[in-house]
Every structure is written in C-alpha cells, then in structure tokens.
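Take a look at the letters that make up each chain.
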Amino acid sequence: MRRISMDGASMGARGLWLSLAWLSASTALGCGRREALPASQDPGAERPAPPAQLAPPAQPEEPAAPLQESRVERDGLSIAFALRPLDRGQQGGGTGLGAGPAAAVAGSDVMAEFTITDASTGAPVRGLTPLGWMSRRAGADGAAAASFSGGAPAASVASGAIDAAPDEAACRGKIKSFMAGLLSVRPEVDMNAYLLWTLNQDNSLSAINPQVALARTQLRSVVSLAGRGVSFVLHPDRESLYVTLRGGQGLAVVDTRRGLVRTNVPVGQDPSRVVVAPDGRTVWVGNDGDGTVSVIDARSTDVLKTLPVAPGHHEIAFTGGGRAAWITSQQGESVAVVDGETLEPLGEIAVGEGVVAIAASDEAGVVHAANAARGEVVILDVARRAVAGRVALKPGLGALQFDPGGRFSFALNPSANEVAVLDGATGAVAHTLTGLAAPDAVTFTGAFAYIRNRGAARVSLVDRSALGGPAAPPLVDIAVGQGPPLAAAARPGPAALATPIAPLPEGNGALVASPADRALYVYVEGMMAPIGTLPSYGREPRSILVEDRSLKEVRPGVYATTVRLGEGGLYDVELLLDRPRTGVCLEATVAPARCAPGDGEADASGCGGDPVKDIAIAPLFEPDVRLAAGEPATLRFRATAGEGGPPLDALDAEDIEVMVVRFPAGYRFRGAPRAEGDGTFSVAFTPPAPGQYRFLAAVPGRGAPVGALPFVPLRVSARGAGAQGGGAR
C-alpha cells in the first residue's frame, strides 16, 4: 500500500402503493390537541431486563431518557412523540463534544419514537403500520436557540417570527403532500425510508436511495472495501453490515448510518459465508481456507472463539432461536452442532462428504442438508441430533432454503434445471418444479417464492398457497433485464453465496439485481413485468439487501426508528395511522449544532460567529498529489483549532466524516478515519479509475457538515503511469 503524507424518481415512500387509498380517506386526517410532557413521564417505558453478556438485543429493553416529548389525543388514542439519544452516553447534547443540556442537536442521529396507547385505559395499541415525517416550520430559525437559552418559542410565534402550528386542514394537507411525493413539499426527516445495499464485483458496496426522485443521482454512498466481498448480511438492528472479504482481509464491519467501514476483523483463511445469530448477539463466519468457524461478538467485534471443523466450504444454520448452530463442511463427513450460548460442541452427525447447503425449520423440528455430489438431501432430527432420513434427488444440488412458514424446503439444482420442494414434516418430495434455467437462489414474500434463473434473464414465481396441493404449482416467469446473470463477469460462489433478490419492505414484490445489465429491477406482484429500474452506476451488483429504516414496533405500542436531524429550529411532526385512519401533528425542537466546548451553539450568543472558522483540516501532502487507479493509499490529515492553531487532541475519530468524490459527478467514497495522535488522522482509500477527485472532511458535531470545510484536490492516473506521492512533511 502506498502511504502518502499530507500537510495542510422512480419509487415513492414506503406504502406508496396504498397512497391512493390514503388520499381518498383524507377526511379522516386531522390534527389533535398538543400537550407538552415532562421528560420524566414516559408512557412507553418498561423495567430493564438483565443486560446480555455478548451483545444487546436489536432495541434496548429500557429506553434512554427522552430529550423531549410532546403528546396529542385523537379518536380515542393518546400519542406521545419523543426524540431519544441512541445511547445514554449521548445525552449531553448528542455530540460527544462536551456537556450541556439534554437536547436534540442539529445533524445528530437520534431515535424517533411514537408511543400509542388507548386514551381511556392506557393499554398499548399494537400491530399498527404508521408513517411519520418531520418538517421544519417556516420562520423557525431562532426557535431552538430561544428555547434552550430560557426563552419561549411561543413568544416568537406571537411576534410573527415563527409560523403558527398547522391547523387540521394544514396538517391534513402536509400529510397528503408527503404521501403524494411532491417535490415542492419535502420533509426534512422521513421516517419511512429504506436503502438498497448492493455487494458489487469491484471491491465495493453501494447504498442506493430508491425514494429520491428527479435527482441527479440516487446513489447515497459507495463503501470501498479492502478486498473483494464474498457474502454479506445485515444485523437485525440495521446499524451494521458484515462482509466477508477475499485476500486475507477478514470481515468488514460497515456502519450503515455513516456509510463507511467501522473496522476489519481478522478471522480465519478465506472467509466465505457470514450469518448473524437470531438473537443478534453473535456473528458467525465460515473460514473455508483453514477448516474453522469464527464467532464474533456483534457489539465489540471481538472474536469470541474459533471453532475447529472439517475443511472445505461451510454453511451455518440455527435452531431453537439460536440455541444451537449447525455447521457443514464440504470436505468433511459430518455436520457439527455447537451450543449457541456457550460455544461448546454438542456433537457431530455423520452425513457423508459433499454437503454444500443447510437449512433449518423449528416448526418441523428438522434440519435439511444438501449433498451436491450424491444428489440427496439428508434429513436431521433436531431433538435427537441424528439422521432421520435421506431423500434421493439428482446430483448437482446447490442452494437450500425453507420457506418462512418452515413447512417446505426448496432444494435448487442448477445442473438439472429444476427445484425439488420437500415437505419438512414428512421428508417426502412434495413437488418437482421443472423448466428452469440453472436456478441458483430463492427468496420469499408472503405470497410467492422467487427463483433466480442464472441461465436466463427471468425470475420464476411460485404461488406458496398452492404448495399444499397435490399438483405442482405452475411457474410464473417474469422477464428481468436483457442478459442472463451467467453473462456477467460476476460468478456466484458455493451454494449460491450471492443473494440477488430481496423482498420489498411492503412485502408485495421484490428487487432483483441484474449483474449483466448492471441494474436493479423493481417488481410488484400482479404485474407481468418489472415496474421500474434503478441504475447500479456502472457496477455489477452480485447481491442485494434492503435496510428498512421505517417505523417498527420495538415494544408494545411503541414505534421507533433512527433518524438524522436537520437544521436547528421548531419542527412539526406528522404521523399517519392505518388503524383507525388518522393523521395527527405533534411538535419537536431541534437545537443548533454546537461549536467548540463551552462556546455555546451555532448562530447563538457566545458562539463567536461562524463555528466553522474554529476548525481547519490540514492535509499532510503536497498540492496536486497524484494517486494511481486501483492502488490503495493512506491519506493523512491534521485537524487544528483554526488556521495555524494547535491540534484538536479532544477530537475523536468518530467525530470526523471523510468523503472522496470524483469531480464533477460519479464515484463517491466514505471512509472511517483512524486517529494517529497529535490531532493527526488517516483514512485508507483505493481510487477506482483515473480522473479528478476531491477529498472532503467534515465535523458535523462542531457545525462543519460536509462541504463547509475546503476540499483538497486529488489527481488519479492510470496504473503504471508514474503517479507521484508528493513530498511528506
């Protein structure tokens, strides 16, 4: 690695398919009476459970103290809204840059939380599908500063400085506008968003926002990986992605909120399959090169244990909600069973050499293991940990997966161009689906199974409701793209490591990655063709995941999601409920971003003017430094207190965001800087192609978002064209 020294719209919001129904019910939308709540009154709080030993659950049992709350009552419901810090260490303003009053700070990531209860009984209202937004009220520039310095926003409203709260008609109109996706009325915070993550052929991950319409790009960020990705998985808390890497680079842990690699965890040789335990506490990595499996703490990313297993490719399945892990080894004779909590071996079950895939069903109490060479599925009894039977199929088996109900397993055979559907309860072949073209991956929605044909530009749908009948359900073929996946440079690994199909968050369709077309196709059930296409920006997408950032019921009657706040000011919080069809508006106040510790808030007295002037990023390299395309480099820089000022030793690496963009448009890289001491930081970057680039650093917590600090130009030449690193200082 060169070490360089430096000195100095096609888709709408979630639920778009139901928007016409919501708009026709607009008479049910309205605003309710607002009432401020003391921070100590938390209608959704529950007593804490003992902390987990390895990692926390997806959401904490006891929420952090609210930064603020408001409440409305309407149609027999009591609805409270709170902004909470993501952890208790952020309650001093959320920036980590000094103590201060508990406040929701501009530019910070917080938990937005609605608590919905019956107004008369206080019972939680469960099973809702709410949609939420935050829109900054016109004229609200000084509201946050006034409220946090002892003033009252109400006085500003009376003087006409801030618009009054929306009445019922205005609240209804704003919700209808957000549902309709009008560009003229856009919320600052959308609580219904989701991102598409693709694992590409070129050592990168792409984060695509499909809900950005009529914009120059829907590409939110590109994460540069230290090696070529093999497989990836999203943690249930939606905060981390885990990617196994070739070339001895281990496991990359990607921060989904910041769009950068948080750390690379050293594991065994040639890591391949990665899975997260059902409880979210541990991450399991199969190391195909040395016959081991690494078990990693999801919170600390420490390797808890390295399990010796047989050599070859490994697949991992869980039973009992994660109490037992079942591990296959393609060159071994047995399936290893490991205790999911103690990580101690529970035994081995002889199944024969050649197992390439495994799937488990707690409902049926069985585990199925596919042997490619023998062409059979071995049925394992979970309770007895013994072989219960063998189902003879055809040689060439690949991927194997149970449907969400756990009754039927799908055994894909790309060599025989067919799929065998096995009944999990009896072990018999229920159906044989033929007429496929090298089927290598299967994904499920509530109504259908989606089978990818690697040898044809189509996806085959199977009606799941017909699987219990005597006749094989017919295949419904949907043309997807122009070229078959087999025509692309990307090739799936053992047992179809790629996951090229992901269900839509609405559950009524799927997103299909087409590496041959370098595009993503959007399909909605009931249509005979995809309804839209999303570009992959010149990359071959091998796998796709959906990071759903919409409101989820995290505790009974409590619906929450993580959001990034906009500018400081007074906000209206709009909420749309499906049962009953009700729209309400609440309020929230966002404090301006803080300057240096003790200097007050941006644009407030005591800040001394523009907060950005107190920070300078000094690149530690010569001007017009030249890099080489495809060659990794380490970019170093120093953060100082103003031009020529002392180093900012108190600044942590997590306070800094680094971005490298290709000018004028195109490639975008976000990286996690590493602190080197004395105010110096570094970030690893591999430019993908020759051209002009810009290096940008930001410190959002001190009022310096991306673009506020001067950029540093970078020149990238073709590999071998004599790139120069410049003189170090």
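Reading the values: rules and limits
- Residues numbered from 1 in each chain as written.
- Predicted model: local features only at pLDDT ≥ 70, side-chain atom pairs only at ≥ 80, totals over all residues.
- Heavy atoms only, no water.
- Helix = DSSP H or I, 4+ residues; strand = E, 2+ residues; numbered from the N terminus.
- Buried < 20%, exposed > 50% of the residue type's maximum accessible area, 1.4 Å probe, protein only.
- Areas by Shrake-Rupley, 256 points an atom, 1.4 Å probe, with all protein chains shown as cover.
- Disulfide = S-S within 2.5 Å.
- Contact = heavy atoms within 4.5 Å.
- Core = buried A, V, L, I, M, F, W, Y, C linked by side-chain atoms within 4.5 Å.
- Pairing = 2+ DSSP bridges.
- Axes fitted to C-alpha atoms, helices over the stretch in contact; angles between N-to-C directions.
- Lys, Arg positive; Asp, Glu negative; His and termini not counted.
- Salt bridge = Lys/Arg side-chain N within 4 Å of Asp/Glu carboxyl O.
- Phe/Tyr/Trp six-rings, centres within 6.5 Å; stacked < 30°, edge-to-face > 60°.
- pLDDT = per-residue confidence, 0-100.
- Polar contact = N/O pair within 3.5 Å; in protein donor to acceptor, adjacent residues only side chain to side chain.

(A) Representation of the overall build of the protein chain. Counting secondary structure elements, the protein chain contains 4 helices and 52 strands. A burial count over the protein chain gives 55% of its 729 residues as buried. Carbon and sulfur atoms make up 51% of the accessible area of the protein chain, which amounts to about 28000 Å² in all.

(B) Region of the structure containing the state of the cysteines. For the structure on display, the rule yields 1 disulfide. Two residues, C171 and C585, share a disulfide whose sulfurs are 2.1 Å apart. Note on the C171 and C585 pair: the S-S dihedral is about 100°, so by sign convention the disulfide is right-handed. Taken together, the residues C171 in helix 4 (residues 168-180) and C585 in strand 43 (residues 581-590) connect sequence positions 414 residues apart. Here C171 and C585 have matching classes, each one buried.

(C) Quick look at the environment of L575. Within the secondary structure layout, L575 lies in strand 42 (residues 569-578). For L575, a relative accessible area of 0% puts it in the buried group. For the pair formed by L575 and L131, sequence separation is 444 residues and the distance between their alpha carbons is 5.8 Å. Discounting chain neighbours no more than four positions away, the residues touching L575 are I79, F114, I116, P130, L131, I175, L551, T582, G583 and V584.

(D) Spotlight on the nonpolar core. Grouped together as the largest cluster of nonpolar side chains are 28 residues, with contacts concentrated most on I79, F81, L83, F114, I116, M134 and M191. For this core, the elements supplying multiple residues, two or more each, are strand 4 (77-85), strand 5 (109-118), strand 41 (558-564), strand 42 and strand 43. With near-sequence residues (within four places) excluded, I79 lies in contact with S70, R71, V72, F114, T115, I116, L575, L577, V584 and L586. Formed by 27 residues, the second largest nonpolar core is a distinct cluster that contains I617, L635, I656 and F695.

(E) Representation of the sheet that holds strand 23 (residues 355-361). In space, the 4 strands of this open sheet follow the order 23-24-25-26, with antiparallel pairing throughout. What marks the edges here is a single partner per strand, and that holds for strand 23 and strand 26 (386-392). Direction aside, neighbouring strands of the sheet carry axes that sit 20° apart on average. By the bridge criterion, 6 bridges tie strand 25 (residues 376-381) to strand 26 in an arrangement that is antiparallel. Residue D381 lies in a different strand from strand 26, and its bridge partner there is A386.

(F) Highlighting the side chain of D297. As for its position among the elements, D297 is in strand 17 (residues 292-297). No salt bridge is formed by the buried D297; its nearest oppositely charged neighbour, R299, is found at 6.0 Å.

(G) Quick look at the packing of aromatic side chains. Throughout the structure, instances matching the rule amount to 8 aromatic pairs. Aromatic pair F637 and F681: ring centres 5.8 Å apart, planes at 25°, arrangement stacked. Taken together, the residues span a long stretch of sequence, with F637 in strand 46 (residues 633-640) and F681 in strand 50 (residues 680-685) at a distance of 44 residues. In this structure, F637 and F681 share a single accessibility class: buried. When the ring of F685 is compared with that of Y693, the centres are 6.2 Å apart and the planes differ by 65°; the resulting orientation is edge-to-face. Each member of the pair, F685 together with Y693, is buried. Among the aromatic side chains, those forming a connected cluster through ring pairs are F637, F681 and F695.

(H) Layout of unusual backbone geometry. Of note, the amide linkage connecting R579 to P580 takes the cis form, showing an omega dihedral of -5°. One can find P580 in the loop between strand 42 and strand 43. Of note, the phi angle at D75 is positive, near 50°, even though the residue is not glycine. Tracing the chain through its elements places D75 in the loop between strand 3 (68-74) and strand 4. Although it is not a glycine, R238 sits at a positive phi angle of roughly 65°.

(I) The arrangement of the pattern of salt bridges in detail. Going through the model one piece at a time under the given rule, you end up with 29 salt bridges. Linking E69 and R84 is a salt bridge whose minimum nitrogen-to-oxygen distance equals 3.7 Å. Linking E69 in strand 3 with R84 in strand 4, this pair joins segments that are 15 residues apart in sequence. Here the two residues E69 and R84 agree in accessibility, since each one is buried. Its salt-bridge partner being R84, residue E113 comes within 2.7 Å of it at the nearest N-O pair. Placement of E113 in strand 5 and of R84 in strand 4 is noted, with a sequence separation of 29 residues between them. As far as burial versus exposure is concerned, E113 and R84 are alike and both buried.

(J) View of the environment of A80. Mapped onto the elements of the fold, A80 is located in strand 4. A relative accessible area of 3% means that A80 is categorised as buried.

(K) Highlighting the sheet that holds strand 13 (residues 251-255). Strands sit in the order 11-12-13-14 across an open sheet of 4 strands; the sheet is antiparallel. The open sheet terminates on both sides in strands that have one partner only, identified here as strand 11 (229-234) and strand 14 (260-265). On average, each strand axis in the sheet is tilted by 25° relative to the strand beside it, whichever way the strands run. Pairing analysis gives 5 bridges linking strand 13 to strand 14, with the strands arranged antiparallel. Bridge assignment links D255 to a residue of strand 14, and that residue is L260.

(L) Geometry of the confidence of the model for the protein chain. Averaged over every residue, the pLDDT of the protein chain is 79; the share at 70 or more is 74%. The model gives residues 88-101 a pLDDT under 50, and that stretch makes 32 contacts with residues more than four places away or in other chains.

(M) Structural context of the environment of L393. Residue placement: L393 occurs in the loop between strand 26 and strand 27 (400-402). When its relative accessible area of 23% is taken as the criterion, L393 is described as partly exposed. Through-space distance from the C-alpha of L393 to that of A372 is 9.6 Å; in sequence the pair is 21 residues apart. Those residues in contact with L393, other than ones at most four positions away along the chain, are G375, E376, V377, A411, A420, L422 and V429.

(N) Region of the structure containing the side chain of N287. Structurally, N287 is set in strand 16 (residues 282-287). A polar side-chain atom of N287 sits 3.2 Å from the main-chain amide nitrogen of G268. In this view, N287 contacts V267, G268, Q269, D270, P271, T292, V293, S294 and H314; residues no more than four positions away in its chain are not counted.

(O) Structural detail: the pairing of strand 5. Among the 10 residues of strand 5, 9 are classified as buried, and the element is accordingly described as predominantly covered. Pairing of strand 4 with strand 5, which is carried by 9 bridges, proceeds in the antiparallel orientation. By the bridge assignment for strand 5, S78 is matched with T117. In terms of strand pairing, strand 5 meets strand 41 through 7 bridges, oriented antiparallel. Bridging from a neighbouring strand, M111 pairs with T562 of strand 41.

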